[in-house]
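Chain residues, written in single-letter form:
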Amino acid sequence: MPGHELYMERCLQLAALGEGKVAPNPMVGAVLVHNHRIIGEGYHEQYGKAHAEVNCILSVKPEDKHLIPASVLYVSLEPCAHQGKTPPCTDLIIANNIPEVVIGCRDPFPLVNGKGIEKLVAAGVKVTNGICEEKCTTVNRRFFIFHTRHRPYVILKWAQSVNGIIGTPLQRLFITNEYTGRVVHKWRSRESALMLGTNTALQDNPSLTTRHWPGKNPVRIVIDMNLTLPPYLQLFDNTVSTIVFNTVRNTIEDFDTDITNGHKVWYYQVTNDVSVVQQVLHALYHLKMQSVLIEGGTKLIQSFIAENAWDEARVITNEKLYVSEGLKAPEAGDARLSFSESILSDRIDYYINTSIL
């Protein structure tokens, strides 16, 4: 007969459908099973809307509703026990007399973190926790890093020639093909913020949007310590909110500021006497940005590597492009190759920072 793992795998498939739509909430999938038959499925579809458990129970057909009190609910993350934008899911489970709940992993969010399990157990619900736990935490790795390490999930991305050149000093070097470019825009749509440095902003003048992929535009971040970047750059076109980290000016008075409101340019002041990397991560955490994709040059990316302040690296290599001289690509250090894929001339290698696992 099917085991817990089978139904939890289905929860994970459902949870992934919410990618890029539910942050800062986690992605969650739920499945309701009666006598080894799935009678309901649901996932968290949109931030601020119904949670996975709600959508799962609502999906049960009228002729199967009498089976709910004799069914097992599988959910990839611990059900919430607090009132947020929606009511507590534990209350819904208890109200529907669901006798057993199987959970993938505990929720690290302080208002949940074990409280959902405690509430269910106190109501007489049988609870099993830790099914496919590693997979369940991985799907929400941004959420988990944010709440356990108190910083955003950091993804490094760069493109290089086959001989490891990332750019040239005098002009922009186009490395990736058109299709890989669309994949990069897909990556952007999943993250809270994008970051680059002064030199990349000045030389490439990127818009840092998701114009080649449907989805939200993340907040743009540029490190411009002395405010030397000219105002005509696309970063400052007010189509997407931009934060400029610098040592001169500050317009973010407190961390309750809604950075995404108004599509304007914000300035956040840092100092040179302590790590700029840590100051940036501290600010992004308090601004509730769960993830950042760093698309800067070697200097910026290497600064995050040097402080071991990164989680993933995505390296695009054009295997048909050789550049005789130029700027050397970063070196990732403690990294484990997770997997690779090829898109025509480009190979994409995905690395995990093993030193923080």
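Residues numbered from 1 in each chain as written. Predicted model: local features only at pLDDT ≥ 70, side-chain atom pairs only at ≥ 80, totals over all residues. Heavy atoms only, no water.

**Student:** Describe the sheet that holds strand 1 (residues 29-34), and please don't skip the residues or the numbers.
**Tutor:** Each strand in a sheet pairs with its neighbour through backbone hydrogen bonds, running either in the same direction (parallel) or in the opposite one (antiparallel). Taken together, the five strands give an open sheet; going across it, the order is 2-1-3-4-5, and neighbouring strands pair in mixed fashion. Each of the sheet's edge strands pairs with one partner strand only, and the pair in question is strand 2 (37-43) and strand 5 (126-129). Looking at each pair of strands side by side, their axes are set apart by 15° on average, direction ignored. Relative to strand 2, strand 1 is paired through six bridges, and the arrangement is antiparallel. The residue bridging Val31 from the neighbouring strand is Glu41, located in strand 2. Strands in contact with helix 1 (residues 4-15) are strand 1, strand 2, strand 3 (72-75) and strand 4 (100-103); relative to strand 1, the strand with the most contacts, it is inclined by about 140°. Each of strand 4 and strand 5 touches helix 4 (residues 115-122); the most contacted strand, strand 5, lies at about 150° to it. (Pairing = 2+ DSSP bridges. Helix = DSSP H or I, 4+ residues; strand = E, 2+ residues; numbered from the N terminus. Axes fitted to C-alpha atoms, helices over the stretch in contact; angles between N-to-C directions. Contact = heavy atoms within 4.5 Å.)

**Student:** An account of the pattern of salt bridges is needed here, citing residue identities and associated values.
**Tutor:** Taken as a whole, this structure holds 16 salt bridges when the rule is applied. With a closest N to O distance of 3.1 Å, Asp64 and Arg37 form a salt bridge. Pair noted here: Asp64 is in the loop between helix 2 (52-58) and strand 3 and Arg37 is in strand 2, with a separation of 27 residues, a long-range link. According to the relative accessible area criterion, Asp64 is buried, its value standing at 10%. Glu319 is the salt-bridge partner of Arg347, the closest N and O atoms lying 2.6 Å from each other. Of the two residues, Arg347 sits in strand 16 (residues 346-353) while Glu319 sits in the loop between strand 13 (312-318) and strand 14 (327-328), which places them 28 residues apart along the sequence. The exposure class of Glu319 is partly exposed, given its relative accessible area of 40%. (Salt bridge = Lys/Arg side-chain N within 4 Å of Asp/Glu carboxyl O. Buried < 20%, exposed > 50% of the residue type's maximum accessible area, 1.4 Å probe, protein only.)

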